[in-house]
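Residue strings, one per chain:
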Amino acid sequence: MGRHTRALRSVGDHDAVVEPRDGHDDLAKALYQEFGGSLMAFALRLTGHDRQWAEDVVQETLIKAWRNADKLDRQPEMLRAWLFTVARRTVIDGWRSRSVRPQELEEIESDAIAVSDESDRTLAAMIVYEALQGLSPEQREAIQQTYLRDRTVNEVAATLGVPPGTVKSRIHHAVRALRRALRERG
């Protein structure tokens, strides 16, 4: 009797080899009954618990077994090793193809796409500029020196020839006035 004329007994006896009933279709059923659960658990671990992918792996593995039925060694331990090897290789191929292929993205409606627009920034700059114009020249100078030129209070005081406390006071009142003006403009 040749290798291709044997089929696995689906009873769960891991040492038994029996005669085929109706050829390859019975082999596929027997393989699924005997190894389907453990093959699925194995595929789930390999796919990171992606159930759909694991089911595809099991299905593809059993299809390969069905296509190669004439070449399979029907000893249960050999079938199990072959099936698990095919499943592992199928998952590896899947990981490789996913890493090479760009990830699929859902189509986004054109209204939902945010386009970088400088108009908001320009408008904000204009509002801040107008608010700065509402400050006294001394307050505006203190704000420009500290915030825009990134100088310390002591450096500004030395530049303007006033005490540091005066610079702090000008900044404090200028910031309050700017907040008020910006709140009014929305």
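What counts, and where the lines are drawn
Residues numbered from 1 in each chain as written. Predicted model: local features only at pLDDT ≥ 70, side-chain atom pairs only at ≥ 80, totals over all residues. Heavy atoms only, no water. Helix = DSSP H or I, 4+ residues; strand = E, 2+ residues; numbered from the N terminus. Buried < 20%, exposed > 50% of the residue type's maximum accessible area, 1.4 Å probe, protein only. Contact = heavy atoms within 4.5 Å. Areas by Shrake-Rupley, 256 points an atom, 1.4 Å probe, with all protein chains shown as cover. Core = buried A, V, L, I, M, F, W, Y, C linked by side-chain atoms within 4.5 Å.

Asks: Explain the overall build of the protein chain here, please?
Replies: A tally of helices and strands in the protein chain yields seven helices and two strands. The helix and strand sequence of the protein chain, counted from the amino end, reads β-β-α-α-α-α-α-α-α. Across the 186 residues in the protein chain, those meeting the buried criterion constitute 28%. Considering only intrachain contacts with a sequence separation of at least 6, the fraction spanning at least 24 residues in the protein chain is 57%. When the accessible surface of the protein chain is totalled, it reaches about 13100 Å², and 50% of it is carbon and sulfur.

Asks: I keep staring at unusual backbone geometry and nothing clicks. Help me out?
Replies: Glycine aside, negative phi is the norm for most residues, and most peptide bonds take the trans geometry. Backbone geometry at His49 places phi at a positive 65°, although glycine is not the residue there. Mapping His49 onto the fold places it in the loop between helix H1 (24–46) and helix H2 (51–67). Located in the positive-phi region is Asp150, a residue other than glycine, with phi close to 55°. Mapping Asp150 onto the fold places it in the loop between helix H5 (137–148) and helix H6 (153–160). In this structure Asp150 comes out as exposed when scored by relative accessible area, which is 68%.

Asks: I tried to follow the nonpolar core on my own but got confused; where do I start?
Replies: One broad rule of soluble globular proteins: the nonpolar side chains tend to lie buried together. Leu31, Leu39, Val57, Val58 and Leu83 are the most contacted members of the largest nonpolar core, which has 21 residues in total. Those elements that provide at least two residues to this core are H1, H2 and helix H3 (76–100). Of all the elements, H1 adds the most residues to this core, at eight residues. Excluding residues within four positions of it along the chain, Leu39 makes contact with Val58, Thr61, Leu83, Phe84 and Ala87. In this structure, Leu132, Ile143, Ile171 and Ala181 belong to the second largest nonpolar core, which totals 13 residues.

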